[in-house]
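# Reading the structure
Residue strings, one per chain:
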Amino acid sequence: MIAAPDRTPLTHKFFDRPVLDVAPDLLGRTLVRHTADGPIELRLTEVEAYDGANDPGSHAYRGQTARNSVMFGPPGHVYVYFTYGMWHCMNLVCGPPGTASGVLLRAGEITVGAEFARKRRLSARKDRELAKGPARLATALDVDRTLDGTDTCTPADSPVTILHGTPVPIDQVLSGPRTGVAGDGGVHPWRFWIANDPTVSPYRAHTPRRRRA
């Protein structure tokens with residue numbers, strides 16, 4: 001008999017660890033997003049770790065700014081950024097205040113509220129594509145900058161909560177280079193995903209963007 005996913009919320013202590021410990025440990029956890037339509041729940045299947053000042057691929061590599069300030073705050077909070085002028089991406093802050101590390105949520109399986117996610121992801125052909133990639137995940141969950149700084153460890157009133165769920169056995173966790181990260185930051189095998197899960201996004205190496213004349 002397969003046990004139901006654990007509904008106990010993760011604590012600040014869970015996130016107050018090195019990012020390379022937290023990232024793979026998030027796989028199989030349940031993210032609950034309370035939207036105006038109703039709750040959406042997602043089983044995390046793919047993540048990427050970013051290690052602040054130690055990581056050229058991190059937004060916090062060159063220090064604190066107004067944009068990345070949440071990354072320097074308490075663990076267990078949401079960091080949302082806007083990219084390419086059109087997409088939001090969602091991260092979870094790790095480590096003690098001042099470390100600026102975080103985990104990008106890259107993909108997941110929507111287990112509750114798929115009808116609400118479909119309204120935002122009209123181009124998805126199948127439900128397994130609803131949150132297949134970080135921008136798609138954020139779109140499906142109605143994530144934008146208003147959630148930046150949200151504490152996921154206060155479930156009584158938080159619009160985002162991370163539950164214990166069903167952690168993935170270590171032999172089912174794979175790792176490899178991060179998707180689309182350039183330069184020295186692109187060599188780190190800090191993308192983690194569940195083996196053979198159909199919701200995991202395909203790997204894409206960084207492609208330099210052409211500058212307009």
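Look a little higher up for the structure.
If you're wondering where the values come from, they're calculated on a predicted model, not measured in any experiment. (Residues numbered from 1 in each chain as written. Predicted model: local features only at pLDDT ≥ 70, side-chain atom pairs only at ≥ 80, totals over all residues. Heavy atoms only, no water.)

## A look at the pairing of strand 7 (residues 160–165)
Across a regular strand the side chains alternate sides, sitting on one face of the sheet and then on the other. Note the cut-off: Per-residue accessibility, obtained with a 1.4 Å probe over protein chains only, is compared with the maximum for each type, and a residue is labelled buried under 20%, exposed over 50%, and partly exposed between these values. The numbering of helices and of strands both runs from the N terminus, where a helix is a DSSP run of H or I of at least 4 residues and a strand a run of E of at least 2. Pairs of strands are assigned from DSSP output, requiring at least two bridges between the strands.
Burial of strand 7 is extensive: five of the six residues sit out of reach of the surface. Note that strand 1 (residues 6–9) and strand 7 share two bridges and pair antiparallel. When the sheet's bridge partners are listed, P9 is paired in strand 7 with L163. Sheet topology note: the strand 2 (residues 30–34)/strand 7 ladder contains four bridges and is antiparallel. The residue of strand 7 that forms the bridge with R33 is V160.

## Considerations on the layout of surface pockets
The following threshold applies: Cavity means a closed set of points on a 1 Å grid over the protein atoms alone, one where a 1.4 Å probe fits but cannot get out, pocket means an open set with protein on both sides within 12 Å along at least 5 of 7 lines, and lining means a residue has an atom within 4 Å of a point. Grid points are joined across faces, edges and corners, and a volume is the space filled by probe spheres set on the points. Classification convention: Asp, Glu, Lys, Arg as charged; Ala, Val, Leu, Ile, Met, Phe, Trp, Tyr, Cys, Pro as nonpolar; all other residues, Gly among them, as polar.
Here the largest pocket is characterised by a volume of approximately 1,200 Å³. Y84, R106, P134, T179 and G180 are, among the 37 residues lining the largest pocket, the residues nearest its centre. Every element with two or more residues in the lining of the largest pocket is listed here: strand 3 (39–50), strand 4 (78–83), strand 5 (87–94), strand 6 (101–112) and helix 4 (134–140). The leading source of residues in the lining of the largest pocket is strand 6, at four residues. A class-by-class count of the residues in the lining of the largest pocket yields 16 nonpolar, 12 polar and nine charged.

## What to know about unusual backbone geometry
A positive phi angle is found at A100, which is not glycine, with a value near 60 degrees. By the element assignment, A100 lies in the loop between strand 5 and strand 6. Among the residues examined, A100 registers a relative accessible area of 1% and is labelled buried. At N196, a residue that is not glycine, the phi angle is positive and equals roughly 65 degrees. With respect to the helices, strands and loops of the structure, N196 is situated in the segment after strand 9 (191–194). Among the residues examined, N196 registers a relative accessible area of 80% and is labelled exposed.

## Quick word on a nonpolar patch on the surface
Filter applied, for reference: Surface patches are drawn from residues lacking salt bridges whose relative accessible area is over 30%; two like charges belong together within 9 Å, two nonpolar side chains (Val, Leu, Ile, Met, Phe, Trp, Tyr) within 5 Å. Using a 1.4 Å probe, the Shrake-Rupley method yields the accessible areas, and only the shown protein chains count as cover for residues. By salt bridge we mean one thing: a side-chain nitrogen of Lys or Arg within 4 Å of a carboxyl oxygen of Asp or Glu.
Taken together, the side chains of Y84, M86 and W87 define a hydrophobic patch exposed on the protein surface, amounting to about 360 Å² of accessible area. In this structure, M86 sits in the loop between strand 4 and strand 5.

## Side note on the nonpolar core
Put simply, the rule is: Throughout, nonpolar core names a set of buried Ala, Val, Leu, Ile, Met, Phe, Trp, Tyr and Cys residues whose side chains join them through atoms within 4.5 Å. Contact definition: two residues touch when any of their heavy atoms are within 4.5 Å.
One finds F15, L26, V103, L105 and I110 to be the most contacted residues of the largest nonpolar core, which totals 42 residues. If near-sequence neighbours (up to four positions away) are discounted, V103 is found in contact with V19, V22, A23, L26, V47, E48, M90, N91, L92 and C94. Counting residues in each nonpolar core, the second largest holds 12 residues, with A60, M71, F72 and A100 among its members.

## A short note on the packing of aromatic side chains
To be explicit about the condition: Geometry of aromatic contacts follows a simple scheme: Phe, Tyr and Trp rings, the Trp one being its six-membered ring, pair when their centres are within 6.5 Å, and the pair is stacked under 30 degrees between planes, edge-to-face over 60, tilted otherwise. Lysine NZ or arginine CZ positioned within 6 Å of the ring centre and within 35 degrees of the ring normal marks a charge as sitting over the ring.
Scanning the entire structure with this criterion turns up two aromatic pairs. For the ring pair F14 and F15, a centre distance of 5.1 Å and an interplane angle of 80 degrees mean the geometry is edge-to-face. Like F14, the residue F15 is buried in the burial classification. Here R191 stacks its cationic end above the ring of W193, 4.1 Å away from the centre of that ring.

## What to know about the environment of T45
Within the fold, T45 resides in strand 3. Each C-alpha atom, one on T45 and one on M90, is 14 Å from the other, the two residues being 45 residues apart in sequence. Not counting residues up to four positions away in its chain, the partners in contact with T45 are L27, A107, G108, E109, F192, W193, I194, D197, T199 and V200.

## Topic: the pattern of salt bridges
One pass over the full model with this rule turns up 16 salt bridges. The shortest N-O distance in the salt bridge between R29 and D25 comes to 2.8 Å. Classification of R29 by relative accessible area gives buried; the value is 4%. With a closest N to O distance of 3.4 Å, D148 and R145 form a salt bridge. Taken together, the salt bridges that share partners define one network made up of R33, D37, K119, R120 and D142.

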